[in-house]
Amino acid sequence: MTEFWLISAPGEKTCQQTWDKMMVATTRNNNLSTNHKFNIPDLKVGTLDVLVGLSDELAKLDSFVESVVRKVAQYMADVLEDSRDKVQENLLANGVDLVTYITRFQWDMAKYPIKQSLKNISEIISKQVTQIDNDLKGRASAYNNLKGNLQNLERKNVGSLLTRSLADIVRKEDFVLDSEYLVTLLVVHTLYAHKIFEDQESGLFTVTLFRKAVDDFRHKARENKFTIREFQYNEEEMKADKEEMTRLSTDKKKQFGPLVRWLKVNFSEAFIAWIHIKALRVFVESVLRYGLPVNFQAMLLQPSKKTMKKLREVLYELYKHLDSSAAAIIDASMDIPGLNLNQQEYYPYVYYKIDCNLLDFK
């Protein structure tokens, strides 16, 4: 499971006591989750009005940055052509795998200085990730065009003799060229005339005849279910096609390395930004819920699929005293006909989900 629950609860006499209580409840007898302290530095609180507004803005920013993280990861998979192991090797944050980065999270003071206001920090992240999103669109468009053009050319050289390009099959000596009276047609059939190539379905033949007999031949060919391929032998055009394919193939190889490097670097940047937004959201929500002075413990829980339901129950029992209204709220993941709960699940403790399963492999 690569799903994490980032939660917070108010400090008891000390934040360590809050941590110890949660550890006893979730690991002593039942091993419901693997837990880590999640370190959030002393950020500038600002006014209550600003915090309330920021809470909504951060929710939107969280969704946007997550979408960019997923886009970069998915495009990496597309470029590496769905080699799952290879993709996972390249999806790192600060040089380590994503689980390690999250479970050992340290605030990046250089990128996001904590002397700045919370609003400024969120704006720094927003600008940074918007830039990554715009760059990705440009780079992906250029690489996709190149890849598409190359695939179109490659497609011409495969398939049956009825449709594929004949440029790499025919030779000059197969044709009578520059004759006023004679012309060479190419016929696709199972057996007939002078065969110059065959695939699994049929053979390609040349038939040389007088120009004035071409229409009659075409008519007879149709009656006998022979296919005549329209083809003008033109060495210049054939050479140009081959050169174009070589050029596109070379360009694709040239772009591949730098593109993968860009995706690696910017995936890391976007993912780091995303986890910092989660930290900001926990901080803002904890202050709004638990009040001042700032006194809460942020905790990262990694449940297994089997223990999720039980873990929810244990956490509810542990923290229900924090908010009596939460008792009446139904978990949005429950499917009740006629009841539409689109909003984020609400619990008596601060909760945000982090899902590190970022790839949609076909």
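Residues numbered from 1 in each chain as written. Predicted model: local features only at pLDDT ≥ 70, side-chain atom pairs only at ≥ 80, totals over all residues. Heavy atoms only, no water.

What to know about the sheet that holds strand β1 (residues 3–10)
- Taking strand neighbours across the sheet as the criterion, the four strands line up as β2-β7-β1-β8 in an open arrangement whose pairing is antiparallel. Each having just a single partner strand, β2 (33–37) and β8 (350–355) make up the two edges of the open sheet. Each strand of the sheet is rotated relative to its neighbour by a mean of 25 degrees, with strand direction disregarded.
- With six bridges connecting them, β1 and β8 associate as antiparallel partners. Bridge pairing in β8 places F4 opposite I354.
- Against the sheet, helix α7 (residues 235–290) contacts β1, β7 (296–303) and β8, and its axis sits at roughly 170 degrees relative to β8. (Pairing = 2+ DSSP bridges. Helix = DSSP H or I, 4+ residues; strand = E, 2+ residues; numbered from the N terminus. Axes fitted to C-alpha atoms, helices over the stretch in contact; angles between N-to-C directions. Contact = heavy atoms within 4.5 Å.)

Observations regarding the confidence of the model for the chain
- Confidence in the prediction of the chain, expressed as mean pLDDT, is 88, and 91% of residues score 70 or more.
- A low-confidence stretch, residues 332–343 stays under pLDDT 50, and its non-local contacts, those more than four residues away or across chains, total eight contacts. (pLDDT = per-residue confidence, 0-100.)

Points about the pattern of salt bridges
- The tally for this structure, following the rule as stated, stands at 22 salt bridges.
- Note that R70 is salt-bridged to D355, the shortest N-O span being 4.0 Å. With R70 in helix α2 (residues 48–79) and D355 in strand β8, this pair connects stretches of sequence that are 285 residues apart.
- When its relative accessible area of 23% is taken as the criterion, D355 is described as partly exposed. (Salt bridge = Lys/Arg side-chain N within 4 Å of Asp/Glu carboxyl O. Buried < 20%, exposed > 50% of the residue type's maximum accessible area, 1.4 Å probe, protein only.)

Remarks on the packing of aromatic side chains
- Counted according to the given criterion, the structure contains 12 aromatic pairs.
- A centroid spacing of 6.2 Å and a plane angle of 70 degrees characterise the contact between Y101 and F271, whose relative ring orientation is edge-to-face. One end of the pair, Y101, is in helix α4 (residues 98–103); the other, F271, is in helix α7, with 170 residues separating them in the sequence.
- The buried category is assigned to F271, whose relative accessible area is 0%.
- Ring geometry for Y347 and Y351: centres 5.3 Å apart, planes at 85 degrees, overall edge-to-face.
- Classification of Y351 as buried rests on a relative accessible area of 6%.
- Feature note: the residues F38, Y101, F105, F267, F271 and W274 constitute an aromatic cluster, connected by ring pairs.
- The ring centre of W5 lies 3.8 Å from the NZ or CZ of R312, which sits over that ring.
- Its guanidinium or amino end placed over the ring of Y347, R312 lies 3.9 Å from that ring's centre, counting from NZ or CZ. (Phe/Tyr/Trp six-rings, centres within 6.5 Å; stacked < 30°, edge-to-face > 60°. Lys NZ or Arg CZ within 6 Å of the ring centre and 35° of its normal.)

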